[in-house]
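# An overview of the molecular structure
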Amino acid sequence: MANSSASSLTNSSGAIEAGNVSQSQPELVDPEPHRIRLLSWNIDGLDLENLQTRTKAACDTIVTEKPDVVYLQEVVLESLQIIKSNLPGYNVHPAADKAYFTCVLLKKSSTVFEKSKIMPFTTSRMSRNLLTVKAKVKGIPMYLITSHLESTKEHKEERKRQLLLSFKHMMEADPTCTVIFGGDLNIRDKEVHVAAYIGCNSLTLMCSGINNCIVDNRSWRCSRHHL
């Protein structure tokens, strides 16, 4: 299976600190009121070998980990149906309905969906785009943004352009909302300097010293995750 570590950024509007779950939610008691769980995973739907088994295993992991928000990349129509069938506790918001695409999953018991938007990367040669979902997560207004940026070394300029467009989109969001951008960014060591874009911060660095805040430390360690 593809590595499920997240490459995530948050804007400077503030760290993630859970609030109260909306009274409209069916879950009466939140076992982790102080924590928001987010999982990002490229589930490799383009590889048809054992696709059903692998997708079902990914769903089992999501059920076990109980994330409030899930960013998925390389979802195909067949795996999308498996996800919808095996994760009834989540609302699924895909970025397309053909080829392969990203999805944002929202846990029904801890989120309230407001709206979604798909922004195409018009110069992409791989039909890549930026998916934004506005929602309340445990009462916190958020913009949840995911993408699968242009792949392979040969397309580094387009990939960096897409990343900068993603940062720009983050910074233009409602400043009263927390913005989290993550996904399969395909960033290499020589390209990661663009992460210094003013106002954007790595969740790995922001949360490393905070008690009860767990972030996969492989985020942005690009030399270990070349594609």
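Residues numbered from 1 in each chain as written. Predicted model: local features only at pLDDT ≥ 70, side-chain atom pairs only at ≥ 80, totals over all residues. Heavy atoms only, no water.

## Focus: the overall build of the protein chain
- What the protein chain contains, in helices and strands, is four helices and 10 strands.
- Moving toward the C terminus, one meets the helices and strands of the protein chain in the order β-β-α-β-α-β-β-β-β-β-α-β-β-α.
- The proportion of buried residues among the 227 residues of the protein chain is 49%.
- Across the protein chain, the fraction of contacts at a sequence separation of at least 24, relative to all contacts at a separation of at least 6, is 71%. (Helix = DSSP H or I, 4+ residues; strand = E, 2+ residues; numbered from the N terminus. Buried < 20%, exposed > 50% of the residue type's maximum accessible area, 1.4 Å probe, protein only. Contact = heavy atoms within 4.5 Å.)

## Some thoughts on helix α1 (residues 51-65)
- In this model, α1 (15 residues) spans 21 Å end to end at C-alpha, consistent with the 21 Å of a helix rising 1.5 Å per residue.
- Within the sequence span of α1, burial applies to Leu51, Arg54, Thr55, Ala58, Cys59 and Ile62. One face of α1 carries all of its buried residues, which in axial projection span an arc of 140 degrees. Looking at α1, the residues exposed on the side facing more than 90 degrees away from the buried face are Gln52, Thr53 and Thr64. (Expected span 1.5 Å × (residues − 1). Arc of directions from axis to C-beta.)

## With respect to the nonpolar core
- With 17 residues, the main nonpolar core has Leu72, Val75, Ile83, Cys103 and Leu105 as its most contacted residues.
- Elements with a contribution of two residues or more to this core: β2 (38-42), α1, β3 (69-76), α2 (77-86), β4 (90-94) and β5 (100-107).
- Here Leu105 is in contact with Ile62, Asp68, Val69, Val70, Leu72, Ile83, Leu87, Tyr90, Asn91 and Val92, once residues within four sequence places are set aside. (Core = buried A, V, L, I, M, F, W, Y, C linked by side-chain atoms within 4.5 Å.)

## Quick word on the packing of α1 against α2
- Packing of α1 against α2 brings their axes to within 9 Å, and their N-to-C directions diverge by 35 degrees. Helix-helix and strand crossings are classified by hand; for α1 and α2 the assignment is right-handed. Judged by residue contacts, Leu51, Gln52, Thr55, Lys56, Cys59 and Val63 of α1 engage Glu78, Ser79, Ile82, Ile83 and Asn86 from α2.
- A breakdown of the residues in the contact of α1 with α2 according to their chemical character gives five nonpolar, four polar and two charged. (Axes fitted to C-alpha atoms, helices over the stretch in contact; angles between N-to-C directions. Left-handed = near helix turned anticlockwise from the far one by under 90°. Nonpolar A, V, L, I, M, F, W, Y, C, P; charged D, E, K, R; others polar.)

## Points about unusual backbone geometry
- Positive phi is not limited to glycine here, since Lys66 has a value of about 55 degrees.
- Checked against the element boundaries, Lys66 lands in the loop between α1 and β3.

## Description of the packing of aromatic side chains
- Applying the stated criterion across every chain, the model contains one aromatic pair.
- Centre to centre, the rings of Phe167 and Phe181 are 6.4 Å apart; their planes meet at 90 degrees, and the pair counts as edge-to-face. With Phe167 in helix α3 (residues 156-171) and Phe181 in strand β9 (residues 178-184), this pair connects stretches of sequence that are 14 residues apart.
- A residue is classified by how much of its surface remains accessible, and Phe181, at 0% relative accessible area, is buried. (Phe/Tyr/Trp six-rings, centres within 6.5 Å; stacked < 30°, edge-to-face > 60°.)

## Some words on the pattern of salt bridges
- Applying the stated rule across the entire model yields eight salt bridges.
- Among the ionic pairs, Asp30 bridges to Lys138, the shortest N-O distance being 3.1 Å. In this pair, Asp30 is assigned in the loop between β1 (7-11) and β2 and Lys138 in the loop between β7 (129-137) and β8 (140-148), connecting sequence segments 108 residues apart. For the pair Asp30 and Lys138, one class covers both residues: buried.
- Here Arg161 ties to Glu158 by a salt bridge, and the two come within 3.3 Å at their closest N and O atoms. Of this pair, Arg161 and Glu158 both sit in helix α3, three residues apart, which is roughly one turn of that helix.
- Residue classification places Arg161 among the partly exposed positions, given a relative accessible area of 29%. (Salt bridge = Lys/Arg side-chain N within 4 Å of Asp/Glu carboxyl O.)

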